[in-house]
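# A structural walkthrough
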Amino acid sequence: MISELIEEARGKDSLASKFLFSIKNLFVSEALPGYSSVRAPLLLEAGVGLLSSFVLFGRSETEEDLYLTPLVAELAPSLSLPVAMNERVDRWMERYLTDQRASFEKYLSREGLYSDMIRERLRARGMPEDLYYLAAIESGFSPGATSRVSASGMWQFMGPTAREFGLQIDEYVDERRDPIRATEAALDYLQALHGQFGSWYLAAAAYNAGPGRVSRALKAHAEDQAGDEELYWDIIEHLPRETRAYVPKMLALIVLGQAAESYGFEVKRADPVEFDRVWVPGVTSLRWVASSLEVPSSKIRELNPHLIRGTTPPGGLFPIRIPPGKTAMLVASGGSRWRTVAVDD
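For the structure given in this document, a descriptive report is provided here. (Residues numbered from 1 in each chain as written. Predicted model: local features only at pLDDT ≥ 70, side-chain atom pairs only at ≥ 80, totals over all residues. Heavy atoms only, no water.)

The next point concerns the overall build of the protein. Scanning the protein from N- to C-terminus turns up 16 helices and three strands. Taking all 345 residues of the protein together, 50% fall into the buried category. A sequence separation of at least 24 residues applies to 66% of the contacts in the protein between residues at least 6 apart. Total accessible area computed for the protein in this model is approximately 16,800 Å², and 50% of it derives from carbon and sulfur atoms. (Helix = DSSP H or I, 4+ residues; strand = E, 2+ residues; numbered from the N terminus. Buried < 20%, exposed > 50% of the residue type's maximum accessible area, 1.4 Å probe, protein only. Contact = heavy atoms within 4.5 Å. Areas by Shrake-Rupley, 256 points an atom, 1.4 Å probe, with all protein chains shown as cover.)

Here is the structure:
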């Protein structure tokens, strides 16, 4: 498998590839004199580890040979966003294959939870489906993620922006943590940013840094132009440090996500989140729901991460999500006042 990875992932005329093929020829031959079949893979692993250091720290700043470009060309028909290959994108692809490999494997594992839902909503709006990787960058597809500046949820909304796009935030409910409601709000925001800047690269940058920062950079350094993906690269040095890496990370994830198996990733993707929806009276405890359904409390909390106090808000009926097939059981426990609605909210 590693031999195939070497063959597929490296252009044969780059400096890094010459080193790769040297390792391959040294350790992947049919017979390794003096080494057992157990020790040979260990030597190969050591060689690839040495290569990782070589690639990350030994490549010249001016090296123009982007050995991953052929792979991008091969994948192009299946990509919904144009992928520009340059040194910044190349560097993040290398990092996700080496020192950030664990993070990338986590993304691959968790994307199964929500990727179908996000892609379906992007497709319905006519937006590039590959934008769903922004949720990986923002939170690793975690609805419970909170940043040091109090951004929250899978799409890392700050409070004012979340409210601007219709999300409820109060002492009982924080819809930034609701993967479905937050996804709808995030796509509304991205659509608005694309309408403002005419570029998905600039829209992504503005999602991260704020539209004001991008507008000022365009005005000062790109003659206030818009509508061209290349403008992002023209103004990149005038954006915050985090934003300078944001689009390159997205593009690297798009390519590697499409070709994960070619790079030796064999991560089992999580099954999609599935649920039924039930309307329950105000101040219904999630712990009581779990007990009534004979499921762990953690399962009900995972399905309802936006109910931050572990109970529905006081007042009228409120929808909660429960494991599929459990609706009748919960309604029987709750009485005739409860009613059900469509599963898909």
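On to the layout of surface pockets, then. Estimates place the volume of the largest pocket at around 730 Å³. Secondary structure elements with two or more residues in the lining of the largest pocket: helix H7 (133-139), helix H10 (200-209) and helix H13 (241-258). Looking at the lining of the largest pocket residue by residue, the classes come out as 13 nonpolar, eight polar and five charged. (1 Å grid on protein atoms, 1.4 Å probe; cavity = no way out; pocket = protein on both sides within 12 Å on 5 of 7 lines; lining within 4 Å. Points joined across faces, edges and corners; volume = space filled by probe spheres on them. Nonpolar A, V, L, I, M, F, W, Y, C, P; charged D, E, K, R; others polar.)

Of the residues making up helix H5 (residues 87-97), those classed as buried are Val-89, Asp-90, Trp-92, Met-93, Glu-94, Tyr-96 and Leu-97. Sitting at the head of H5, Asn-86 places a side-chain oxygen 3.0 Å from the backbone nitrogen of Arg-88. (Polar contact = N/O pair within 3.5 Å; in protein donor to acceptor, adjacent residues only side chain to side chain.)

This next bit is on the packing of aromatic side chains. Considering all chains together, one arrives at 13 aromatic pairs under this definition. Judged by centre distance (5.4 Å) and plane angle (45°), the ring pair of Tyr-189 and Tyr-207 falls under tilted. Residue Tyr-189 is located in helix H9 (residues 179-197), and its partner Tyr-207 is located in helix H10; the two are separated by 18 residues in the primary sequence. Note on accessibility: Tyr-189 and Tyr-207 belong to one class, buried. Arg-101 extends its terminal NZ or CZ atom over the ring of Phe-265, reaching a point 3.9 Å from the ring centre. Over the face of the ring belonging to Phe-275 we find Arg-321, whose NZ or CZ atom lies 5.2 Å from the ring centre. (Phe/Tyr/Trp six-rings, centres within 6.5 Å; stacked < 30°, edge-to-face > 60°. Lys NZ or Arg CZ within 6 Å of the ring centre and 35° of its normal.)

One pass over the full model with this rule turns up 14 salt bridges. Notably, a salt bridge pairs Arg-91 with Glu-87, separated by 3.4 Å at the nearest N-O pair. Of this pair, Arg-91 and Glu-87 both sit in helix H5, four residues apart, which is roughly one turn of the helix. A salt bridge links Arg-181 to Glu-175, with the shortest nitrogen-to-oxygen separation between them at 3.3 Å. Overall, the relative accessible area of 29% leaves Arg-181 in the partly exposed class. (Salt bridge = Lys/Arg side-chain N within 4 Å of Asp/Glu carboxyl O.)

Summarising the element assignment, Asp-130 is placed in the loop between helix H6 (101-125) and H7. Relative accessible area serves as the criterion here: at 2%, Asp-130 is assigned to the buried category. Distance in space between the C-alpha atoms of Asp-130 and Leu-253 is 9.1 Å, their sequence separation being 123 residues. Sequence-distant contacts of Asp-130, that is, excluding residues within four places in its chain, are made with Leu-79, Ser-80, Leu-81, Arg-119, Ile-254 and Gln-258.

To continue, consider unusual backbone geometry. Most of the time, phi is negative for any residue but glycine, and the peptide bond is trans. Phi is positive for Ser-150, which is not a glycine, with a value near 75°. By the element assignment, Ser-150 lies in the loop between H7 and helix H8 (159-164). Under the relative-accessibility criterion, Ser-150 is labelled partly exposed at 47%. Notably, Gln-156 is not glycine yet its phi reads approximately 50°, a positive angle. Residue classification places Gln-156 among the buried residues on the basis of a relative accessible area of 12%.

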